[in-house]
Amino acid sequence: MQRLRTLEAIHAFTQAQRAAGRRIGFVPTMGALHEGHLSLIDIAARHADVVLASVFINPLQFGPGEDLARYPRDEAGDLDKLQSRGVAAAFLPTPEIMYPPGSQTRVRVEGLTAPLCGAARPGHFEGVTTVVLKLLMITRCDVAIFGEKDYQQLAVIRRMVMDLNLPVEICSGPIVREPDGLAMSSRNAYLSAAARAAAASLPRALGEAAAAYAAGQRDPRALEALARAALHPMARVDYLEIRDALTLDALNALDRPAILAAAVYFGQTRLLDNVPLA
Ligand code: AMP
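Residues numbered from 1 in each chain as written. Predicted model: local features only at pLDDT ≥ 70, side-chain atom pairs only at ≥ 80, totals over all residues. Heavy atoms only, no water.

### Focus: the layout of surface pockets
Consideration 1: Its volume calculated, the second largest pocket comes out at about 290 Å³.
Consideration 2: Along the walls of the second largest pocket sit 15 residues, with Y151, L154, A155, R158 and A245 positioned nearest its centre.
Consideration 3: At six residues, helix α7 (residues 151–163) tops the list of elements feeding residues into the lining of the second largest pocket.
Consideration 4: Class assignment of the residues belonging to the lining of the second largest pocket gives a composition of ten nonpolar, two polar and three charged. (1 Å grid on protein atoms, 1.4 Å probe; cavity = no way out; pocket = protein on both sides within 12 Å on 5 of 7 lines; lining within 4 Å. Points joined across faces, edges and corners; volume = space filled by probe spheres on them. Helix = DSSP H or I, 4+ residues; strand = E, 2+ residues; numbered from the N terminus. Nonpolar A, V, L, I, M, F, W, Y, C, P; charged D, E, K, R; others polar.)

In structure tokens:
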């Protein structure tokens, strides 16, 4: 597996792949890789001839007081995992390469970024769309894969790709979970033993709401209340809301595909999860 640390190196790699007529699949990550990330590598391999992954902790998507400084880092472990999954090259830029002095351009998707994580983390999605657009331009990939765990992020990226006519296909992968249902996340490493045990109530709570929906409950407020009530007492809800699955608009009736999306703190750790109601 090639380790690409400069723009020159990534350009040489992608140019060689394109010259050989190979379709490039790309999986952007912030590292501390787990099976959720690696499942996206497998999806990329099914949609492309050669898989490229990036590991870059994007400072632009962290707000002041968030966990940028302590975000888990394990480059050697990440490279081992990528290599053993058959990745052809890992792009490992520094913040200085991605945002050289004088850089002034930001990409902002409106509307979709207003609710949920956008409301809780001002500027977060602008950081995400800016880095993702840059990575798509740098890699000139044919297909890029994103996880459904970050449901709003996926919707925002699809919107950006449509709005800017980007010549790339976006694919998504389902949420990969721990045996007790907790969605895998690099941030799970922050959880104390007590918080880790309590965090299993999040997927359980969403699952109870989804089961009630399947049994015929169509009142979104009742489903939200049911899910909240099923959370562990340690849980502190940032948001837990049923929204239109495509527009993320608020819903007063379940008459179209919807998503129950949640961000919940266990201790200091904010975890995301979601379940479709369709
Ligand atoms: P991150 O490293 O957290 O920025 O995540 C990189 C990519 O992996 C994003 O597209 C995430 O949505 C995806 N991802 C993270 N956790 C999971 C998971 N448990 N299952 C599926 N995809 C995931």
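### Quick notes on the site of the ligand
Consideration 1: In the region of the ligand, 17 residues are neighbours, and H37, G147, D150, V176 and M184 sit closest.
Consideration 2: Measuring from an oxygen atom of the ligand, one finds a side-chain N or O atom of D150 at 2.6 Å.
Consideration 3: Coverage of the ligand by the protein chains reaches 92% of its 490 Å² of free accessible surface.
Consideration 4: Where the shell around the ligand is concerned, the elements lending two or more residues are β2 (24–29), α2 (35–47) and β5 (143–147).
Consideration 5: The class makeup of the residues in the shell around the ligand is nine nonpolar, six polar and two charged. (Near = heavy atom within 4 Å. Polar contact = N/O pair within 3.5 Å; in protein donor to acceptor, adjacent residues only side chain to side chain. Areas by Shrake-Rupley, 256 points an atom, 1.4 Å probe, with all protein chains shown as cover.)

### Observations concerning empty space enclosed by the protein
Consideration 1: Under the counting rule described, the total for this entry stands at one cavity of 30 Å³ or more.
Consideration 2: One number sums up the size of the largest cavity: a volume of about 40 Å³.
Consideration 3: Lining the largest cavity are K149, L182, A183, M184, S185, N188, L271 and L272.
Consideration 4: Tallied by class, the residues present in the lining of the largest cavity amount to five nonpolar, two polar and one charged.

### Regarding the sheet that holds strand β4 (residues 89–91)
Strand-to-strand pairing in sheets goes through backbone hydrogen bonds, with the strands running parallel or antiparallel.
Consideration 1: Spatial ordering of the open sheet is given by β1-β4-β3-β2-β5-β6, a layout of six strands whose pairing is parallel. Taken across any chain shown, the strands that pair with only one partner, and hence form the sheet edges, are β1 (2–4) and β6 (169–173). When the angles between neighbouring strand axes are averaged without regard to direction, this sheet yields 25°.
Consideration 2: Judged from the three bridges that link them, β1 and β4 form a sheet pairing that is parallel. (Pairing = 2+ DSSP bridges. Axes fitted to C-alpha atoms, helices over the stretch in contact; angles between N-to-C directions.)

### Digging into α2
Consideration 1: Taking 1.5 Å per residue, 13 residues should reach 18 Å; α2 reaches 19 Å between its end C-alpha atoms and fits that length.
Consideration 2: Those residues of α2 that sit buried are G36, H37, L38, S39, L40, I41, I43 and A44.
Consideration 3: Of the surrounding secondary structure, the elements contacted by the buried residues of α2 are β2, β3 (50–55), α3 (75–84), β5 and β6. (Expected span 1.5 Å × (residues − 1). Buried < 20%, exposed > 50% of the residue type's maximum accessible area, 1.4 Å probe, protein only. Contact = heavy atoms within 4.5 Å.)

### Some words on the environment of L135
Consideration 1: Positionally, L135 belongs in helix α6 (residues 124–139).
Consideration 2: Between the alpha carbons of L135 and A210 there is a distance of 36 Å; along the sequence they are 75 residues apart.
Consideration 3: Ignoring any residue separated from it by four or fewer positions in sequence, one finds L135 in contact with F26, P28, S54, F91, M98 and R140.

### Considerations on the nonpolar core
Consideration 1: Counting 43 residues, the largest nonpolar core has L52 and L136 as the members making the most contacts within it.
Consideration 2: Looking at this core, the element that brings in the most residues is α6, giving eight residues.
Consideration 3: Every residue in contact with L52, bar those within four places of it in the chain, is listed here: L4, I10, F13, T14, I24, G25, F26, V27, A89, F91 and T139.
Consideration 4: Ranked by size, the runner-up nonpolar core spans 28 residues in total, among them L191, A209, A227 and L254. (Core = buried A, V, L, I, M, F, W, Y, C linked by side-chain atoms within 4.5 Å.)

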